[in-house]
Amino acid sequence: MATTKLAVDLLAVLFLIVNGASYVQNADEEYNKNFYGQKIGTFVQDVPLAGITGEVFAAAHRAIWVQKFRLNVPSDCTSVVFLVGEKGGAAVQPDGGGVPVKDNKNSIELAFVDNAKFTLHLPIELEDVAWLSVYCRNTNETLASVVFNDVETPTPLELNEVFKGEHRVESERVVIVDHQTVFIQNLQYDGQGPATWFIAGNVLPVTSNGATKLSNQDGAFDYETIPPYLPARNVTVQFPRDASVFEFDWLSLYCTQIHFNFDDVKLPTS
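Residues numbered from 1 in each chain as written. Predicted model: local features only at pLDDT ≥ 70, side-chain atom pairs only at ≥ 80, totals over all residues. Heavy atoms only, no water.

Details of the overall build of the protein
Threshold: Helix and strand definitions here come from DSSP, where helices need a minimum of 4 consecutive H or I residues and strands a minimum of 2 consecutive E residues; each element is numbered from the N-terminal end. Here the term buried applies to any residue with accessible area under 20% of the maximum for its type, exposed to any over 50%, and partly exposed to those in between, with areas from a 1.4 Å probe on protein chains only. The contact criterion used throughout is that any non-hydrogen atoms of two residues lie within 4.5 Å. Only the protein chains shown count as cover for residues, and the accessible areas themselves come from Shrake-Rupley with a 1.4 Å probe.
A count of helices and strands for the protein gives two helices and 19 strands. Here the protein, with 270 residues, has 50% of them falling under the buried criterion. Long-range pairs, those at least 24 residues apart, make up 63% of the contacts in the protein between residues at least 6 apart in sequence. As presented, the protein carries roughly 13,000 Å² of accessible surface, and 49% of it is formed by carbon and sulfur atoms.

Next up, the structure:
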């Protein structure tokens, strides 16, 4: 009976937003896959003088996450774009026959960046992508590319840890829903911290120094403190648009005023 109720509770609250379409995620079926987004690869330069680096991760059924991206192209290249090739399409290898992809600024044309990170929304399904390239249109050259081999659409991943700390902090399941969303089931907290945030970071011991502020239970980022969760409630936490779960080692319920970690959970590395 408890398992059935748990499945119903999660079914009711996990509404994922992908490319503007809402759908309900079947928890028990999907979480058992224990998978939330693989590293697809790193950009390989096809033109020696091009300064292009970056890592690419699977993010959603029509999205990828790019991080540590550097774009510094030769001076004779004045029109640079992302292209994707489709499996079974005419462009088997990275070339100019792919479909243009808009960058994080909704622009097709790319400009110089260094150590950038962003989500790219794909024009086709992730599992249908054969490759992603950085292409110079005026010289008809592929500058760098990533080949998509055996890429699977990410599914939610239940963590091995839950919240349990001082000030009545405790939870049931903690689930990575997608690369920018974490679901916490039945989170309880007495609300006594004067400036308590959800934060994610890499520094140990856990601290707000250098950490990234996540949304509250309402999806807002400009909050002063989260309210008490008494009785316990389901909470969905969002990462900022320019951040991803792939970047961080932990997620914490943390008071930034008194510098107190109520508790944290470890985020799995890629």
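What to know about the sheet that holds strand β11 (residues 141–147)
Within a beta sheet, neighbouring strands are joined by backbone hydrogen bonds and run either parallel or antiparallel to one another. Stated formally: Pairing between strands is defined by DSSP: at least two bridges between the two strands are required.
Reading across the sheet, the five strands line up as β4-β11-β10-β7-β8 and stay open at both edges, with antiparallel pairing between neighbours. Each edge of the open sheet carries a strand with a single partner, namely β4 (44–45) and β8 (99–101). One ladder, built from seven bridges, connects strand β7 (residues 80–86) with strand β10 (residues 129–136); its direction is antiparallel. Among the inter-strand pairings, glycine 85 is bridged to a residue of β10, identified as tryptophan 131.

Quick word on the pattern of salt bridges
Note the threshold: Every case where a carboxyl oxygen of Asp or Glu lies within 4 Å of a side-chain nitrogen of Lys or Arg is listed as a salt bridge.
This model, assessed by the stated rule, comprises seven salt bridges. For lysine 68, the salt bridge identified is with glutamate 55, shortest N-O distance 3.9 Å. Of this pair, lysine 68 sits in strand β6 (residues 63–72) while glutamate 55 sits in strand β5 (residues 51–60), and the two are 13 residues apart along the sequence. Residue lysine 68 is classed as partly exposed on the basis of its relative accessible area of 48%. Using a relative accessible area of 16% as the deciding quantity, one classes glutamate 55 as buried. As a salt-bridge pair, arginine 173 and glutamate 158 come within 3.3 Å of each other at their nearest N and O atoms. Here glutamate 158 lies in strand β12 (residues 157–158) and arginine 173 lies in the loop between β12 and β13 (174–178), a separation of 15 residues in the sequence. Among the residues examined, arginine 173 registers a relative accessible area of 14% and is labelled buried.

A look at unusual backbone geometry
In this structure, proline 205 follows leucine 204 across a cis peptide bond, with omega equal to -5°. Following the sequence through the fold, proline 205 ends up in the loop between β15 (196–201) and β16 (212–213). With an omega of 0°, the peptide bond between leucine 230 and proline 231 qualifies as cis. For proline 231, the position within the fold is in strand β17 (residues 229–238). Here the phi dihedral of asparagine 115 falls at roughly 60°; this positive angle occurs in a residue that is not glycine. For asparagine 115, the location among the structural elements is in strand β9 (residues 113–121). Using a relative accessible area of 55% as the deciding quantity, one classes asparagine 115 as exposed. Notably, asparagine 140 is not glycine yet its phi reads approximately 55°, a positive angle. Position of asparagine 140 among the secondary structure elements: in the loop between β10 and β11.

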